[in-house]
Every structure is written in C-alpha cells, then in structure tokens.
Amino acid sequence: MTLLSGVLELWDDARAAFGQTRVWRRARRLALSQLACLERHTITGLLCTGGRQFVDWSADYRFFARDVWDPNHLFRPVLRAGLALAAEGPLRRTAEGDDSLRMPVRCASSLPTPSRRRRLVVAVDDTLLRKSGKKTPGVAYRRDPLSPAFQVNLVLAQRFVPFSLLLPSGPAPPQAEPVSAPLSALEPVSALAPGSAYELAPAIAPGRTAPAVPTAARGVPCRFEHVPALKKPKAGAGDEAWTRYRETVKQQNLNAAAVRMTGQLRDELDQVHQAADCELVLVVDGSYTNQTVLPALPERTTLIGRIRKDAKLYFPDEFRSRRYGPTAPTPEQLRQDEQTPWQAIAAYAAGRTHTFRVKTLGPIRWRKTGTQLALRLVVIAPVGYRLTQKGRLLYRQPAYLICTDPDLDLPTLVQEYLWRWDIEVNHRDEKQIIGVGQAQVRAPQAVNRQPTFAVACYATLLLAAMNVLDPQQLDQLIPLPKWQPRGARGRLSTQRLIQWLRQEVWGQAFQEITSDNSAIAARDDETDFLNAPPADTKSPEPLLAALPPIAYARTG
C-alpha cells in the first residue's frame, strides 16, 4: 500500500462530510494539491499544481465559500483511526459513588479493585495566522508570541483554536538515559505531619502495576476552529451596548471556544464512534487552566495543565463541615519543602528517556474549580543541560501541574503532559510546510473553512504515514542527502512525507503522458488530477495541452 493510496482511502472515509459527490471529488483533488504544491499555497497555486490552470476556476473558489460541507466532519476518520491506535490506558480506581474519589487517601487497604480504560490524549492550544489586510474577516491586531519579553509587538492576524491527538508512536529509543530507580520500587511518601490524615499521593498506588515503558508520541490535528474577536462598540455608544458587548465576550473567547469544542469532541466519541468507555484527556498550558474551563469539563474527561506557583490550594474538609479544609502548601512551597523527598519518574522527551524528579500532593481543592473537583498537584524539578560538552550545568524553570483525576498514575500523568510539545510541532509544519493561512480568501465562510481544510489535509498525511509507511523503507526509496545522518529513524518528518507523496503523484502524472487516452481518463477518475482540459471549458484562453504540474508550478 502506497502513501497516496493511504491518503485517498482516508478521504474516501470522509465522503459523508460532503453533500454531493462532485464536491467530494473536488475536495480530494484540492487536498492532494495542498500537499504537493511547490509554491505559495493559494487557491491559484493549488489549481496550477492540479493541472487546472486553463479551465474555469470559479468552482474551486465556491467550494470554500458556498458549497455545503462540514469542516469538523473531515476529522472523523482521524478520530476513528486514533481510537484504533490509542493504547490501553493506565490502571485507575473504580469509584463507589461520586464522593469516593474526592476523599483523602488514608490507607492502601481502602483502594478498590483497579480497572482498565482506554485513554485518548488531546493537546489544546491557540495559534495565530498572520495576515496583511485589515478587511479580511477576523483579522485584528494581536500580540506577537515571538516578540521578546521586554518589548511586546503587535501583528495583524487571525486566531484559531487547534486540537491535536497525541498518538503513541513506538517505544523509547535504545540510547535512552538510564533510570536511577525502578518505577515499581518507588515507595509512598510519608504524611505531611505526624498524625495527619492527609497523605502525599504515591507515584504508583499500592497493588497496581507500573505503566508501560515511556514512549514517543505524534500529534495529529483533530480540530481547527476560527475564533475571531468581537469588535468593541464605537465611541459614544451607550451603556447598553457595552453591557451587551461584555456579555458576548464571555461566550466568544478562546476559553469558551475550547469548552465548546471539548463538548463536541466528547459527544462525537460517544455518539458517532461508540467510544463511551474512552477517557478523554486534555493537556493544556496555563491559559486554559482557569475557572472557565475546569468546571465546565464534560463527563469522562480529565485535564492536565499548568498552574501558578503561588496558587492558593486547600485540603478537603475531613468532616465536611466546610467547603474548604486546611490550607495546603502552594506549588512553590511544596518544591522548596526539604522534608518532602523527590521521586524518580522516567518519561520520554526530546528524543530520549529522561529521569525527572517530581513531588506530588493530593487530593486538594482550588477555589477556581470549586468543591466539585478533586485535584492533584505535581511539581517537576528543573532539568539540567549543558550547551557544550564541557560547559557548566544550566537549569530550566520548574513546572507546576494539576490534574483533575487525583488517582491517575504519576508516570502516566507526566508522560502525557510532555507529549503536549508535539502540538507546537504541528503549528510549525502547518504554517511553514503545508501553507495554512496563505490562501487569499475574503468570504466569511471561506475564511473559516480554508485553513481548517488545509489542516485536515495535513492530518490525513500524518495518519496515512502511520498506517502504511516504514522509516527504513522511505530511506531506500528516497535516499537522504549526504549531510544527513543515517541509522535508525523512529520518526518521519513532514517534509520527508511530502517528498514521498510528490514522487508518487508526479510519477503517475509522467506515466500518463506516455499512455493512451483511455488510460489517462481512467487515471483522472482516480486521482482527480487533470492532464488535458475538457472540451466544454469556459476559459477564454486557447485549449493548449496542460503541462505537468511539476513543470508548470514554477511559472504559473
């Protein structure tokens, strides 16, 4: 099975997203053009890549502006395949009633029997697509995330909220860093104080088995939604206009959009994919760890996010006479507490397995989430690194995490959060390689749809590669340049995947040039790439023979 056939098979699964067959065929052709384009990924660039530079172009623009299709349905094959590839989740306790998970852990004998549940890890973030015109819908001045800390710069851009599935892509490499202590040998930490009823949560609960070996993960986009900011009322507007504006902002901001998209994703898992037994895990940064997102999480959904180092936390009240019990140490106080020992946790990050030193405390409560959620606090010590082999040892900043599932195994919690970095890799590949945001569209519906369509094309490429490709096989078909290292490759870059796809698409195109007309017509029906203009074209130009896409892309 080739990469091209894998991509086309995923688009065959997305047929239900389109109301008409001709619209679906046009979407499949534009998807291949989006991936194989050599120039800027504008609509005209996609037309030239598909060999349709001499035919009427209005239908391709109407595809984004008027045709009936749902962008979110394009990601249904991605979720279906993600559920099939997702590994079985860690051990967790089966609660007896709603309040059993919110009570303090007193002794190991009170732990119920563990059970297994599938876990689908999703990273949540927001990103900007830069624009040059102020008249495009959704464009406004935004803070440039690449600006230095001492000088805030502004850029014209649209903002989007992306979701990315984090799919395990194999075991850790053999050159992994050794772990100082085996996970199964970690001992629970002693209580906070002599005679205290509240205990520090152990890395692995007594009676459970250690999670699987730390593995790498690959991010595959599963949502990409435009969230434009509201325009403020004009000068001189009354108090009623400003009151209506403030109420609307609460319903149309990034946090509200993330909550709505999470609910849609949970409903799709339950109703469309029949995955009610799957635990949805969201890994987020500090901008989504707030009182808007946490209390609004749907059922069977866990959130792992960063928290401020000075956050005020509380223990649950033992006798339930108050909403909050005694004051718990802040994350920074827990890190500096010398009486609380560090625990060794093995997790995969930055190409190998590292040993992280962590402290944990739970269950606790936070006023931002109310009394309905029991949280677990995790402090990760800074990791040392050297810029040169003989350079001095440097340290990064510590990380403070909270999790809405206080019974989650600590190695699994840390590993799933470290996987979140792959959504940043998705942002880079989407903008620099796939060309998301380069299309010059002005219609409001096209502004919302076209970037989502491009991200869906990127997702099908990654998913098809995970299903059909072998990294060693790719190196044999497309030799690496001499300056790139050889050896075992556990991850294929997006650029290498596109090189393989271009080789297959253009190989078929050159074969069609030397084949007869019947073979050309059959191939057109399969890939939707045009090799000769139709006789009833509306184009005023003379009917010249269409050049191959590889030859015309640099001149069109």
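Each chain carries its own residue numbering, running from 1 in the direction its sequence is written. The model is predicted, so local features are restricted to residues of pLDDT at least 70 and side-chain atom pairs to those at 80 or more, both for listing and for counting; the totals for chains, interfaces and linings are taken over all residues. With hydrogens and water stripped out, all remaining heavy atoms of the structure feed into the side-chain values.

Trainee: Report on the overall build of the chain, specifying residues and quantitative values.
Mentor: In this text, helices come from DSSP runs of H or I with a minimum length of four residues, and strands from runs of E with a minimum of two, each type numbered from the N-terminal end. Of the regular secondary structure elements, the chain holds 15 helices and 16 strands. Residue contacts follow a heavy-atom distance rule, with two residues in contact if any of their heavy atoms lie within 4.5 Å. Considering only contacts within the chain whose residues lie at least 6 apart along the sequence, 71% involve residues at least 24 apart. All accessible-area figures derive from a Shrake-Rupley calculation using a 1.4 Å probe, and residue coverage is judged against the displayed protein chains alone. Put simply, the chain shows about 27300 Å² of open surface, and 52% of that area lies on carbon and sulfur atoms.

Trainee: How would you sum up the packing of helix α2 (residues 21-36) against helix α11 (residues 444-468)? Please name residues and give values.
Mentor: Taken N-terminus to C-terminus, the directions of α2 and α11 make an angle of 75°; their axes are 9 Å apart at the nearest point. Compared by their axis directions, α2 and α11 come out roughly perpendicular. Along the contact surface, α2 presents A27, L30, A31, Q34 and L35, while α11 presents Q450, F453, A454, C457, Y458 and L461. We call Asp, Glu, Lys and Arg charged. Ala, Val, Leu, Ile, Met, Phe, Trp, Tyr, Cys and Pro are nonpolar, and the rest, Gly among them, are polar. Residue composition of the contact of α2 with α11, by class: nine nonpolar, two polar and no charged. For every element, the axis is a line fit to its C-alpha atoms; helices are fit only across the contacting stretch, and the angle between N-to-C directions ranges from 0 to 180 degrees. Note on terminology: angles under 35 degrees are roughly parallel, angles over 145 are roughly antiparallel, angles of 65 to 115 are roughly perpendicular, and the others are oblique.

Trainee: If you had to explain the packing of aromatic side chains to someone new, which residues and values would you point to?
Mentor: Aromatic rings from Phe, Tyr and Trp, taking only the six-membered ring of Trp, are treated as a pair when their centres fall within 6.5 Å; an angle between ring planes under 30 degrees marks them as stacked, one over 60 as edge-to-face, and anything in between as tilted. Under the definition given, this model contains 11 aromatic pairs. Taking the centre distance of 4.9 Å and the plane angle of 80° together, the rings of F63 and F64 count as edge-to-face. With respect to burial, F63 and F64 carry one shared label: buried. Measuring from ring centre to ring centre gives 5.7 Å for W242 and Y245, while their planes differ by 85°; the resulting arrangement is edge-to-face. Of the two residues, W242 and Y245 both sit in helix α6 (residues 239-251), three residues apart, roughly one turn of that helix. Accessibility here uses a 1.4 Å probe with only protein chains present; expressed as a share of the type maximum, an area under 20% marks a residue as buried, one over 50% as exposed, and anything in between as partly exposed. Assessed through its relative accessible area of 17%, Y245 is described here as buried. Only when the NZ of Lys or the CZ of Arg is both within 6 Å of the ring centre and within 35 degrees of the ring normal is a charge said to sit over the ring. Stacked on the ring of W342, the Lys or Arg K359 has its end atom at 4.5 Å from the ring centre. The ring of Y385 is capped by R396, whose NZ or CZ atom sits 4.4 Å from the centre of that ring.

Trainee: Account for a nonpolar patch on the surface, with residues named and values stated.
Mentor: A surface patch of nonpolar side chains, about 320 Å² in accessible area, is lined by Y141, V152 and L154. If you trace the backbone, Y141 turns up in strand β4 (residues 140-143). Candidate patch residues must exceed 30% relative accessible area and have no salt bridge, after which like charges are joined if within 9 Å and Val, Leu, Ile, Met, Phe, Trp or Tyr side chains if within 5 Å. By definition, a salt bridge exists where a carboxyl oxygen of Asp or Glu is found within 4 Å of a side-chain nitrogen of Lys or Arg.

Trainee: So what's going on with α11? Residues and values would help.
Mentor: Between the first and last C-alpha of α11 there are 37 Å, a value that for 25 residues agrees with the 36 Å anticipated at 1.5 Å per step. Counting buried positions along α11 yields 20 of 25 residues, so the element is predominantly enclosed. Here the expected length of a helix is defined as 1.5 Å per residue gap, with one fewer gap than residues.

Trainee: Tell me about the nonpolar core, and please be specific about residues and values.
Mentor: With 100 residues, the main nonpolar core has L3, W11, F18, F63, L377 and F453 as its most contacted residues. Looking at this core, the element that brings in the most residues is α11, giving 15 residues. Residue contacts for F18: discarding those within four places in its chain leaves W11, V23, W24, A27, F63, V68, W69 and L74. Within the second largest apolar cluster, 24 residues are counted, among which are A347, A399, L408 and Y417. Working definition of a nonpolar core: buried Ala, Val, Leu, Ile, Met, Phe, Trp, Tyr and Cys residues. They are joined through side-chain atoms within 4.5 Å.

Trainee: Got a sec to walk through a positive patch on the surface? Specific residues and values, please.
Mentor: In this count, Lys and Arg are taken as positive residues and Asp and Glu as negative ones, while His and the chain termini are left out. Note that the charge is assigned to NZ on lysines, CZ on arginines, CG on aspartates and CD on glutamates. Taken together, the side chains of K134, K135, K231 and K234 present a region of like positive charge at the surface. Note that K231 resides in the loop between β6 (215-226) and α6.

Trainee: Which residues make up the packing of helix α1 (residues 3-13) against α2, and what values go with them?
Mentor: In the contact formed by α1 and α2, the axes pass within 11 Å of each other and the chain directions differ by 145°. Like other packed secondary-structure pairs, α1 and α2 cross with a definite hand, here right-handed. Contact residues: L4, V7, L8, W11 and D12 in α1; W24, A27, R28, A31 and L32 in α2. Its residues assigned to classes, the contact of α1 with α2 shows eight nonpolar, no polar and two charged. Should the near helix be turned anticlockwise from the far one by less than a right angle, the crossing is termed left-handed; should it be turned clockwise, right-handed.

Trainee: Quick rundown of the environment of L463? Include the residues and the values.
Mentor: Within the element layout of this structure, L463 appears in helix α11. Look at L463 and you get buried, because its relative accessible area is 0%. In this structure, the C-alpha to C-alpha distance between L463 and L3, residues 460 residues apart in sequence, is 9.9 Å. Contacts of L463, omitting those with residues within four sequence positions, involve L10, P77, V78, A81, L85 and L167.

Trainee: Any chance you could break down the environment of Q499 for me, citing the residues and the numbers?
Mentor: Locating Q499 in the fold gives a position in helix α13 (residues 494-514). A relative accessible area of 32% means that Q499 is categorised as partly exposed. With 464 residues separating them along the chain, Q499 and L35 place their C-alpha atoms 9.6 Å apart.

Trainee: Describe in detail the pairing of strand β16 (residues 399-403), supporting the description with residues and values.
Mentor: Within β16, five of the five residues are buried, which leaves the element mostly enclosed by the surrounding structure. The alternating pattern of β16 places A399, L401 and C403 on one face and Y400 and I402 on the opposite face, and all of these are buried. If DSSP finds at least two bridges between two strands, the strands pair. In this sheet, β16 lies alongside strand β8 (residues 301-306) in antiparallel orientation, the contact comprising three bridges. Bridging from a neighbouring strand, I304 pairs with C403 of β16. Strand direction decides the pairing type here: strand β13 (residues 370-380) and β16, joined by five bridges, are antiparallel. Opposite I380, over in β16, you have A399 as the bridge partner.

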